[in-house]
Amino acid sequence: MTNNDVLRRIRYTFNYNDAQMIELFASGGMQVTRAEVSDWLKKEDDPETKEIGDEHLAAFLNGFINEKRGKKEGEQPAPEKKLNNNIILRKLKIALNLKDEDIISILELVRFRLGKAELSAFFRNPSQSQYRPLKDQILRNFLHGMQLQYHGKES
């Protein structure tokens, strides 16, 4: 999955307009323009689509956490320079205040079965032997399930 896919799906799921998207980036510590947001949200086959970098998506996800959970006291975390699917899932879990059972039930909405032990492996430290990288298919299914769970609902 590309970072642009993740951004598009979150925008659609929570019905964010351009101004709200810009606010989320700002809340995460990054100033962006409406034109940049627009270029990132274009479909893949549009020749004017621009790739959103890891640091920008991390800032957006940090802003998403701030919007859903409230800002943390003190200094805000800096956006990661490098993202992977595990970090994206962790940030979504934090933002939406999800427990493992919630993630499993969101995946079940799209008929994707995942055990609790498998799920916990995605949140482990990468240096641990039980750590597993999160595959695109699982993140895609989670985002689809999240869309079914949250789209059109006030949260």
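Each remark here, short or long, concerns the structure printed above.
Residues numbered from 1 in each chain as written. Predicted model: local features only at pLDDT ≥ 70, side-chain atom pairs only at ≥ 80, totals over all residues. Heavy atoms only, no water.

Observations concerning the nonpolar core
Point 1. Ranked by size, the top nonpolar core spans 45 residues in total, and within it Leu-7, Ile-10, Leu-57, Phe-60, Leu-92, Phe-142 and Met-146 carry the most contacts.
Point 2. Residue assignment for this core shows that the elements contributing at least two residues are helix 1 (3–13), helix 2 (18–27), helix 3 (34–41), helix 4 (54–69), helix 5 (85–95), helix 6 (100–109), helix 7 (116–122) and helix 8 (136–150).
Point 3. Setting aside its immediate chain neighbours within four residues, Leu-57 contacts Asn-3, Val-6, Leu-7, Ile-52, Leu-83 and Ile-88. (Core = buried A, V, L, I, M, F, W, Y, C linked by side-chain atoms within 4.5 Å. Buried < 20%, exposed > 50% of the residue type's maximum accessible area, 1.4 Å probe, protein only. Helix = DSSP H or I, 4+ residues; strand = E, 2+ residues; numbered from the N terminus. Contact = heavy atoms within 4.5 Å.)

Notes on helix 6
Point 1. For helix 6, the complete set of buried residues consists of Asp-100, Ile-103, Ile-104, Ile-106 and Leu-107. Projected down its long axis, helix 6 shows its buried positions confined to an angular sector of 160°, all on one face. (Arc of directions from axis to C-beta.)

Here's the deal with the packing of helix 6 against helix 8
Point 1. Put simply, helix 6 and helix 8 touch, their axes get as near as 7 Å, and they point 90° apart. With respect to helix 8, the element helix 6 is oriented roughly perpendicular. Contacts between helix 6 and helix 8 involve Ile-103, Ile-106, Leu-107 and Leu-109 from the former and Ile-138, Asn-141, Phe-142, Gly-145, Met-146, Leu-148, Gln-149 and Tyr-150 from the latter.
Point 2. Residue composition of the contact of helix 6 with helix 8, grouped by class: nine nonpolar, three polar and no charged. (Axes fitted to C-alpha atoms, helices over the stretch in contact; angles between N-to-C directions. Parallel < 35°, antiparallel > 145°, perpendicular 65-115°, else oblique. Nonpolar A, V, L, I, M, F, W, Y, C, P; charged D, E, K, R; others polar.)

Brief notes about the packing of aromatic side chains
Point 1. Tallied over the full model, the rule gives seven aromatic pairs.
Point 2. On the numbers, 6.1 Å between centres and 25° between planes, the contact of Phe-14 with Tyr-16 is stacked. Tyr-16 matches Phe-14 in its accessibility class, with the two residues each being buried.
Point 3. Ring plane angle 35° and centroid distance 5.6 Å describe the contact between Phe-14 and Tyr-150, whose orientation is recorded as tilted. Here Phe-14 is found in the loop between helix 1 and helix 2, whereas its partner Tyr-150 is found in helix 8, with 136 residues between them in sequence. This pair shows no difference in class: Phe-14 is buried, exactly as Tyr-150 is.
Point 4. Here the basic side chain of Lys-93 rests over the ring of Phe-123, its NZ or CZ set 4.3 Å away from the ring centre. (Phe/Tyr/Trp six-rings, centres within 6.5 Å; stacked < 30°, edge-to-face > 60°. Lys NZ or Arg CZ within 6 Å of the ring centre and 35° of its normal.)

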